[in-house]
Amino acid sequence: MSSPRNLLFPPLAAIVLFAAPPRALAQEISTGRYYELETKYLFGFTNGTDIGAEGEKELEAETTAALGMHGGTYRAIEQEFEFENIPSQYWGYEASAHVLSQQIKDVAGLDNLNQTTFAGLSWKPKLLLIGRGPGNPIGLSISVQPAWDRIDGTSGVHTTAFSMETRIAADTELIPNMLYAATNLIYEPEIVREPGDSSWSRSSGFGATAAMAYRVTPKVTLGGEVEYYRAYGGFGFDALDGSAFYLGPTLHVQFTPKIWLAAAWSTQVAGHAQGQAGNLDLSDFSRQRANLKLGFEF
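Remember, it's a predicted structure, so these values are computed and weren't measured experimentally.

Visitor: Explanation requested: the sheet that holds strand β5 (residues 138-151) in the structure shown.
Guide: Where strands meet in a sheet, backbone hydrogen bonds hold them as pairs that are either parallel or antiparallel. In spatial order, the strands read β1-β2-β3-β4-β5-β6-β7-β8-β9-β10-β11-β12; together these twelve strands close into a barrel with antiparallel pairing. The average undirected angle you get between the axes of adjacent strands in this sheet is 20°. For strand β1 (residues 57-67) and strand β12 (residues 288-297), the ladder comprises ten bridges, and the chain directions are antiparallel. Of the residues in β12, the one forming a bridge with Glu60 is Gly295.

Visitor: Just to check I follow, could you spell out empty space enclosed by the protein for this structure?
Guide: Where empty space is left can be seen by rolling a probe of water-molecule size over the atoms. The full count for this structure, using the stated rule, is four cavities of 30 Å³ or more. The space that makes up the second largest cavity amounts to roughly 110 Å³. Among the elements that take part in the lining of the second largest cavity, strand β3 (residues 91-105) stands out by supplying three residues, more than any other. Looking at side-chain class alone, the lining of the second largest cavity contains four nonpolar, two polar and five charged residues.

Visitor: Which parts of the structure should I look at to understand the packing of aromatic side chains?
Guide: The geometry of two aromatic rings is summed up by the distance between their centres and the angle between their planes. Under the counting rule described, the total for this entry stands at eleven aromatic pairs. Ring geometry for Tyr232 versus Phe237: centroids 5.8 Å apart, planes at 85°, classification edge-to-face. Through a chain of ring-to-ring contacts, the aromatic side chains of Tyr187, Phe206, Tyr232 and Phe237 assemble into a single cluster. Lying over the aromatic face of Phe45, Arg289 brings its terminal NZ or CZ to 4.1 Å of the ring centre. One Lys or Arg, Arg289, reaches over the ring of Tyr246 and ends 5.5 Å from the middle of that ring.

Visitor: Is there a simple way to think about a nonpolar patch on the surface in this case?
Guide: The grouping of Tyr90, Trp91, Trp123, Leu127, Leu129 and Ile130 at the surface amounts to a nonpolar patch, some 570 Å² of accessible area in total. With respect to the helices and strands, Ile130 occurs in strand β4 (residues 113-130).

Visitor: Where do I start with the environment of Leu185 in this structure?
Guide: If you trace the backbone, Leu185 turns up in strand β7 (residues 179-193). Given a relative accessible area of 40%, Leu185 falls into the partly exposed group. C-alpha separation for the pair Leu185 and Ala208, spaced 23 residues apart in sequence, amounts to 4.6 Å.

Visitor: Hey, could you run me through the pattern of salt bridges in this one?
Guide: Proximity of charged atoms lets side chains of opposite charge pair with each other. For the structure on display, the rule yields eight salt bridges. In this structure, the salt-bridge partner of Asp50 is Arg132, at a minimum N-O distance of 3.2 Å. Pair noted here: Asp50 is in the loop between α2 (23-28) and β1 and Arg132 is in the loop between β4 and β5, with a separation of 82 residues, a long-range link. Taken individually, Asp50 and Arg132 each receive the classification buried, so the pair is uniform in this respect. Of the charged contacts in the structure, one is a salt bridge between Lys293 and Glu62, with a shortest N-O distance of 3.9 Å. Linking Lys293 in strand β12 with Glu62 in strand β1, this pair joins segments that are 231 residues apart in sequence. Take Lys293: its relative accessible area is 7%, and that puts it in the buried class. Through salt bridges with shared partners, one network takes in Asp50, Arg132, Asp171 and Glu173.

Visitor: Can you walk me through unusual backbone geometry in this structure?
Guide: Peptide bonds are mostly trans, and most non-glycine residues show a negative phi. The phi torsion at Asp106 lies on the positive side, around 60°, for a residue other than glycine. For Asp106, the location among the structural elements is in the loop between β3 and β4. Overall, the relative accessible area of 53% leaves Asp106 in the exposed class. One non-glycine residue, Asn177, lies in the positive phi region at around 65°. Mapped onto the elements, Asn177 comes out in the loop between β6 (158-175) and β7.

Visitor: Help me understand the environment of Glu58 in this model?
Guide: Relative to the assigned elements, Glu58 resides in strand β1. By relative accessible area, which is 1% here, Glu58 ends up buried. Sequence-wise, Glu58 and Glu82 are 24 residues apart; in three dimensions their C-alpha atoms are separated by 8.1 Å. In terms of polar contacts, Glu58 uses its side chain to reach the side chain of Trp260, at 3.4 Å.

Visitor: Can you walk me through the pairing of strand β8 (residues 201-215) in this structure?
Guide: Regular strands have side chains that alternate between both faces of the sheet. Judged by how many residues are buried, β8 sits mostly within the fold: eleven of 15 residues are covered. Strand direction decides the pairing type here: β7 and β8, joined by 14 bridges, are antiparallel. Note that in β8 the partner of Pro189 across the bridge is Ser204. Direction of pairing for β8 relative to strand β9 (residues 220-232): antiparallel, over a ladder of twelve bridges. By the bridge assignment for β9, Phe206 is matched with Arg230. The hairpin turn running from β8 into β9, its antiparallel successor, is four residues long.

Conventions we followed
- Residues numbered from 1 in each chain as written.
- Predicted model: local features only at pLDDT ≥ 70, side-chain atom pairs only at ≥ 80, totals over all residues.
- Heavy atoms only, no water.
- Pairing = 2+ DSSP bridges.
- Helix = DSSP H or I, 4+ residues; strand = E, 2+ residues; numbered from the N terminus.
- Axes fitted to C-alpha atoms, helices over the stretch in contact; angles between N-to-C directions.
- 1 Å grid on protein atoms, 1.4 Å probe; cavity = no way out; pocket = protein on both sides within 12 Å on 5 of 7 lines; lining within 4 Å.
- Points joined across faces, edges and corners; volume = space filled by probe spheres on them.
- Nonpolar A, V, L, I, M, F, W, Y, C, P; charged D, E, K, R; others polar.
- Phe/Tyr/Trp six-rings, centres within 6.5 Å; stacked < 30°, edge-to-face > 60°.
- Lys NZ or Arg CZ within 6 Å of the ring centre and 35° of its normal.
- Patch = residues over 30% accessible without salt bridge, like charges linked within 9 Å, V, L, I, M, F, W, Y side chains within 5 Å.
- Areas by Shrake-Rupley, 256 points an atom, 1.4 Å probe, with all protein chains shown as cover.
- Salt bridge = Lys/Arg side-chain N within 4 Å of Asp/Glu carboxyl O.
- Buried < 20%, exposed > 50% of the residue type's maximum accessible area, 1.4 Å probe, protein only.
- Polar contact = N/O pair within 3.5 Å; in protein donor to acceptor, adjacent residues only side chain to side chain.

Rendered as structure tokens:
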């Protein structure tokens, strides 16, 4: 795939999402100073279900980094410039332009490279299926993100690629306005044609993530997430290339009602690449991943 692949979900995530704290504990914690907070970008690489207020618009700058592969030096940093619009309380969309910077030196299976270039475009509509509220403790949403890429996100080779990430998200408030949990299921098929080839190759990624976040102050939220990814050489489950399991912390800062920042860092702690020894998959996935978002609502 042209970017780090997405994957399938361990049972632990379901436990994290649906486990609720004792009611007495929730009642003992005062939440008076803790105003309602959108969960959309609260969980790092895991998406929350909130969409935003009807009529709201937003400009976002998002940086995603993939660091470290087999030997040598590997850095792939993608910069997205996003416009988000919420036409209805039930759905919204993001339109994005992507710039990719890659530094590759002495990495097994990849050519040395140092380039920064326009990488592609994407569009992401998101539908709110169930909004959290009285009588609905769990929110549910689905998003579909068709994308066109002209650069392979791993190797830097010029290609023509089309992908479509589909993501189902669920979240809940374990303690109102203070402790949140979320889980995502992801499927991303992709077709790629390299210069000079007459045929398209197929690949796909499956994934699942789970996260929790706690507001340490009204404006600052800290958390952690687990991610599990599987990469396939086709659209189905019959040609596994590799898998990876990540752990890492998350941060969300609500500077003002209209300005926010979100950050996440994940490290691959387990994995396996088909046909290779070792307890990590550094052929299909990077050793570390980082994400930073800055948003301005208007």
